[in-house]
Amino acid sequence: SYFKNIGRVKNMQDECIERRLELVRLVSHNTHKRLVFCLQGQLGTDTEKRHKKLPLTGLSQTMQEGGSQLGEESLIGKMMDVCGEAESKLASELLQHEMQMEKDILDPLNQLAEVEIPNILKQRKQLAKLVLDYDSAKTRWLQATKSTNQAMAAKVDSLKDEMDEALNKVEICKDQLSADLYNFASKEGDYARYYVMLLETQAEYHRRSLAALEAVIPTIQTQQDSWIEKPAFGTALEEHLKRTNREIALPIEACVMMLLETGMKEEGLFRIAAGASKLKKLKAALDCSTSQLEGFYSDPHAVAGALKSYLRELPEPLMTFSLYDEWIQASNILDSDKRLQALWVTCDHLPKAHKANFRYLVKFLAKLAQDSDVNKMTPSNIAIVLGPNLLWSKTEGTLAEMAAATSVHVLAIIEPIIQHADWFFPEEVDFNVSGMFSLPSHPPTPDLESSLDRKRPGSMGQDGDSHTPRKDRYLSRPNLTVSALYVVANESITVTETPTEDLPSPDFKAVPQSNVAPTNPVTNK
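Residues numbered from 1 in each chain as written. Predicted model: local features only at pLDDT ≥ 70, side-chain atom pairs only at ≥ 80, totals over all residues. Heavy atoms only, no water.

Naming follows an unreviewed UniProt entry, where the protein chain appears as Rho GTPase activating protein 17b of Oreochromis niloticus.

Shown next, in the form of structure tokens:
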């Protein structure tokens, strides 16, 4: 009875393992099938052929061919070429990953599902057949022992040998099947390891792919930054100047040069709105850093509008957020001489790039104001229309809110700076600072001082004749008598200018000082 119970328990264990065996074969087969679907290359083919069939390889080739078709002159073509090379590296990583996965996971899973487990199941079927053979031999032997036929009785011994041999085969097969089942059960942990290896292989592939991308992306981004011309509008002043290697922002210089040519006598410049489509076209042209601006000279209001838009779209105003409170405090000073002195100090605090562009713009606006009897743009009018585009608070929201917050101060800040531009900035300004606006293609009327004339090629007068060059056409010159002593950083700087009768000039006398702020202007008669 004890041995019968042990045999019964053993049979139950074998049956349990057998049932699990069939399920393992099924799930392993299904997993292998799905993994093969995940492969992008052809399973089992040689490496070169497999690499060519990868979709990433096709993408890489298409991108590089497209780059070649567009050529080196196209930014898109350049980026397609270098990014196509990166895709080729990813394709190589994918090929290596799939071949590794095939070796370490797919082949073992296929061996388990299609060879090892089916062999065990075949052993089970073989055992069932041997059991039937044994039962048949046993039946024949029992019949012979009960038969009264002498011939049949003579076969009893041989039938007994057949039965014993059949039983022996059953026992041998049963032992082999049990061994195979227990061997499978003991290796189940190894089989489970295939799925962990799948994740590890995928992780390694993604790490290598990421490393490949991280190795090339900085270089590609550097190339992109050096190739792509980013828009000037909406870009920080320092960034635009650094990227274009300029001293004066392109939109400012281009607009000023065009206005010097055709806009100085235009009534209501900066006040009269331009056509939206023309303004949009000009802004787009300036964003492309093009020097082909001939078509815009005839519309000075569009040029002025583009200049206003550029100033307003700067992330930080030309007169800076950091100095906003200082500008406002200076404008609140009641004494005019002290107010001028405070504005000069604040102006001197501007960052180098902002100060250079502000000086350039103020010198132009002062030149524009000299023709105010024609264009009606006095320093006061210029300050009203341009002030909100030069200075605003960081906390201000809409354009209306910004204008309302700044309007009470704008006249007291911008107007005196324009009026006394040559006191604030005594040095001369060559408006064609970049040299983009060359001499006309046909020489103008001979003039001893024509070498100072810089204007766009082929500019024509009202009647189609070339303009006779003026000495001060594109050159800002002092027009105020100013004598003032500044004490800045323990250094005295005296500035003296020559007057014209266009604008009222503050008369200052030098007052000896040391280790103090700039002196207050005092009337000198």
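Moving on from the coordinates now.
## Points about the side chain of Asn357
Position of Asn357 relative to the elements: it lies in helix 14 (residues 352-369). Polar contacts involving the side chain of Asn357 include one to the main-chain carbonyl oxygen of Glu247, which spans 3.2 Å. Within polar-contact distance, the side chain of Asn357 engages the backbone oxygen of Ala353 at 2.9 Å. Once residues lying within four places of it in the same chain are set aside, the contact partners of Asn357 are Leu237, Leu241, Glu247, Ile248, Ala249, Ile252 and Leu318. (Helix = DSSP H or I, 4+ residues; strand = E, 2+ residues; numbered from the N terminus. Polar contact = N/O pair within 3.5 Å; in protein donor to acceptor, adjacent residues only side chain to side chain. Contact = heavy atoms within 4.5 Å.)

## Considering helix 11 (residues 300-313)
Given 3.6 residues to a turn, an α-helix orients residues that are three or four positions apart in the same direction. Its 14 residues give helix 11 an end-to-end C-alpha distance of 20 Å, which sits within 8% of 20 Å, the value for a rise of 1.5 Å per residue. Buried residues dominate helix 11, accounting for eleven of its 14 residues. Packed against the buried residues of helix 11 are helix 8 (237-244), helix 9 (250-262), helix 10 (276-287), helix 14 and helix 16 (379-390). (Expected span 1.5 Å × (residues − 1). Buried < 20%, exposed > 50% of the residue type's maximum accessible area, 1.4 Å probe, protein only.)

## A closer look at the environment of Cys83
Mapping Cys83 onto the fold places it in helix 4 (residues 75-146). The spatial distance from the C-alpha of Cys83 to the C-alpha of Met63 is 7.6 Å, given a sequence separation of 20 residues. Once residues lying within four places of it in the same chain are set aside, the contact partners of Cys83 are Met63 and Ile220.

## Describing the packing of aromatic side chains
The final tally for this structure, using the stated rule, is eight aromatic pairs. With centroids separated by 6.3 Å and ring planes inclined at 80 degrees, the aromatic side chains of Phe321 and Trp392 adopt a geometry described as edge-to-face. With Phe321 in the loop between helix 11 and helix 12 (324-331) and Trp392 in the loop between helix 16 and helix 17 (399-419), this pair connects stretches of sequence that are 71 residues apart. In this structure, Phe321 and Trp392 share a single accessibility class: buried. With a centroid separation of 4.9 Å and an interplanar angle of 80 degrees, the aromatic rings of Trp423 and Phe424 are classed as edge-to-face. Comparing Trp423 with Phe424 shows no difference in burial state: the two are buried. Chaining the aromatic ring pairs together yields one cluster made of Phe184, Tyr191 and Tyr194. Over the aromatic face of Trp392 sits the side chain of Arg312, whose NZ or CZ is 3.9 Å from the ring centroid. (Phe/Tyr/Trp six-rings, centres within 6.5 Å; stacked < 30°, edge-to-face > 60°. Lys NZ or Arg CZ within 6 Å of the ring centre and 35° of its normal.)

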